[in-house]
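Tertiary structure, described
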Amino acid sequence: MEKNPQKVFEEVYAIIMDRKANPKEGSYTTYLFEKGIDKILKKLGEENAETIIAAKNPNPEEIKYEISDYLYHLMVLMADKGITWEDVTQELSQR
């Protein structure tokens, strides 16, 4: 199992981009792209709220789980808008 954060982000993003280009029946990612930006944003908002609530709770496993869900949905939004990790890291490096 890959542990390097950059590689994990790139691998998950690549799978998301593949689902966008090659929809797969039964895939949750495909479902999000088929439903469109409103569904993607709704899920991102839900996951953001769940992350905030988990951060207030004492269970570290819960916050890791919710952050992972949030990052996944954020990557779906990135893919939908054509934003890459390179775009994000370039922006961050300039701050």
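A few points on the structure.

Basis of the calculations
- Residues numbered from 1 in each chain as written.
- Predicted model: local features only at pLDDT ≥ 70, side-chain atom pairs only at ≥ 80, totals over all residues.
- Heavy atoms only, no water.
- Helix = DSSP H or I, 4+ residues; strand = E, 2+ residues; numbered from the N terminus.
- Buried < 20%, exposed > 50% of the residue type's maximum accessible area, 1.4 Å probe, protein only.
- Contact = heavy atoms within 4.5 Å.
- Areas by Shrake-Rupley, 256 points an atom, 1.4 Å probe, with all protein chains shown as cover.
- Lys, Arg positive; Asp, Glu negative; His and termini not counted.
- Charge placed at Lys NZ, Arg CZ, Asp CG, Glu CD.
- Expected span 1.5 Å × (residues − 1).
- Polar contact = N/O pair within 3.5 Å; in protein donor to acceptor, adjacent residues only side chain to side chain.

Considering the overall build of the chain
Scanning the chain for helices and strands turns up five helices and zero strands. Reported as C-alpha extents along the three principal axes, the dimensions of the chain are approximately 40 × 35 × 30 Å. Taking all 95 residues of the chain together, the buried fraction comes to 25%. Contacts spanning at least 24 positions in sequence make up 56% of the contacts within the chain whose residues lie at least 6 apart. Carbon and sulfur atoms form 56% of the exposed surface of the chain, whose accessible area is close to 6700 Å². For the chain, the distance from the average site of its 13 positive side-chain charges to the average site of its 18 negative ones is 2 Å.

Focus: helix 4 (residues 60-81)
Compared with an ideal rise of 1.5 Å per residue, which puts 22 residues at 32 Å, helix 4 spans 31 Å between its outermost C-alpha atoms and is within 8% of the ideal. For helix 4, the set of buried residues is E66, Y72, H73, M75, V76, L77, M78 and A79. Elements in contact with the buried residues of helix 4: helix 1 (5-21), helix 2 (28-35), helix 3 (37-56) and helix 5 (85-93). Where helix 4 begins, the capping side chain belongs to N59, and its oxygen is found 2.8 Å from the backbone nitrogen of E61. Count one or two residues on from helix 4 and you reach G82, which has phi positive near 75°.

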